[in-house]
Amino acid sequence: MALISQVFGNEIFDPFLSMINKCPVLNTPTDWKEILEAHVFIADLPGLNKEEVNVEVVDDGSVLQISGERKEEKADENVKWHTGERFRGKFLRRFRLPENTKTDEVKASMENGVLTVTVPKQERKKPERRVIEIEEK
């Protein structure tokens, strides 16, 4: 697929990159995988530390919410920008959790700008087998 771009002076404007930077879903890529004992969410948050990220379980325990903000650089009249492609501003991702999760045991860790959230699963109860006695009439 060819990259669609327009030239403005010395800068090449990429409308696709511009759309990604403005969209809080596209600019916070997150993987969700399910393993035997948990649901694991892995989000790329380059340049952020754990104090700039919020992990919450909301909506009565049915939704995992990851949010935060990449701070804007302070304006400086002595700086001339040539490109600004990295996303800045607030972001928010929400994931509806399956019913078999233990939301009171969620754990999160962050290393090198990668957030990992682990939501343990509850053991599923096997249906009980009941023998029904047949009555005579």
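Here the structure is shown first, and the text comes after it.
Sequence order as written defines the numbering, with residues in each chain counted from 1. Totals for whole chains, interfaces and linings use all residues, but because this is a predicted model, local features are given only for residues with pLDDT of at least 70 and pairs of side-chain atoms are given and counted only at 80 or more. Water and hydrogen atoms were dropped before computing side-chain values, which therefore reflect all heavy atoms in the structure.

Novice: Would you mind going over the nonpolar core with me for this structure?
Specialist: Where a protein is soluble and globular, its nonpolar side chains tend to be buried together. Nine residue types can take part in a nonpolar core, namely buried Ala, Val, Leu, Ile, Met, Phe, Trp, Tyr and Cys, and a core is a set of them joined through side-chain atoms within 4.5 Å. Relative accessibility thresholds used throughout: buried, under 20% of the residue-type maximum; exposed, over 50%; partly exposed, between the two (1.4 Å probe, protein chains only). Ranked by internal contacts, the top residues of the largest apolar core, which has 14 residues, are F41, L45, I66, L115 and V117. Only runs of H or I of at least four residues qualify as helices and only runs of E of at least two qualify as strands under DSSP, and these elements are numbered from the N terminus. Those elements that provide at least two residues to this core are strand 4 (38–44), strand 6 (63–70), strand 7 (89–96) and strand 9 (114–120). Throughout, a residue-residue contact means that at least one pair of heavy atoms, one from each residue, lies within 4.5 Å. Aside from chain neighbours lying at most four places away, what touches V117 is H39, V40, F41, V55, L64, I66, V106, K107 and A108.

Novice: How should the pattern of salt bridges be read in this particular structure?
Specialist: When the charged atoms of two side chains with opposite charge come close together, those side chains can pair. Salt bridges, as used here, are contacts in which a Lys or Arg side-chain nitrogen is within 4 Å of a carboxyl oxygen on Asp or Glu. Tallied over the entire structure, the rule returns three salt bridges. A salt bridge links K121 to E34, with the nearest nitrogen and oxygen atoms 2.7 Å apart. In this pair, K121 sits in the segment after strand 9 while E34 sits in strand 3 (residues 30–35), placing the two residues 87 residues apart along the sequence. For K121, a relative accessible area of 17% corresponds to the buried category. Among the ionic pairs, D59 bridges to R94, the shortest N-O distance being 2.5 Å. One end of the pair, D59, is in the loop between strand 5 (53–58) and strand 6; the other, R94, is in strand 7, with 35 residues separating them in the sequence. Owing to a relative accessible area of 41%, R94 belongs among the partly exposed residues under this scheme.

Novice: I keep staring at the pairing of strand 5 and nothing clicks. Help me out?
Specialist: Looking at chain direction, strand 5 and strand 6 are connected through six bridges and run antiparallel. Directly across from V58, in strand 6, lies its bridge partner V63. The hairpin turn running from strand 5 into strand 6, its antiparallel successor, is four residues long, and D59 in that turn takes a positive phi close to 55°. Any two strands between which DSSP finds at least two bridges are classified as paired.

Novice: I would appreciate a short explanation of the sheet that holds strand 9 in the present structure.
Specialist: Pairing between the strands of a sheet is mediated by backbone hydrogen bonds and can be parallel or antiparallel. On the basis of which strands lie adjacent, the open sheet formed by four strands has the order 3-4-9-8 and antiparallel pairing. At either end of the open sheet lies a strand with only one pairing partner, and these are strand 3 and strand 8 (107–111). Taken over all neighbouring pairs, the strand axes of this sheet differ in orientation by 15° on average, direction set aside. Across five bridges, strand 8 lies against strand 9 in antiparallel orientation. From the neighbouring strand, E111 faces strand 9, where its bridge partner is V114. Helix axes use the C-alpha atoms of the stretch in contact, all axes being lines fitted to C-alpha atoms, and the angles between their N-to-C directions lie in the range 0 to 180 degrees.

Novice: Teacher, can you tell me more about the sheet that holds strand 5 here?
Specialist: Taken in spatial order, the three strands of this open sheet run 5-6-7, and their pairing is antiparallel. In this open sheet, the two edge strands, each paired with only one partner strand, are strand 5 and strand 7. Recorded for the sheet is a direction-independent mean angle of 15° between the axes of neighbouring strands.

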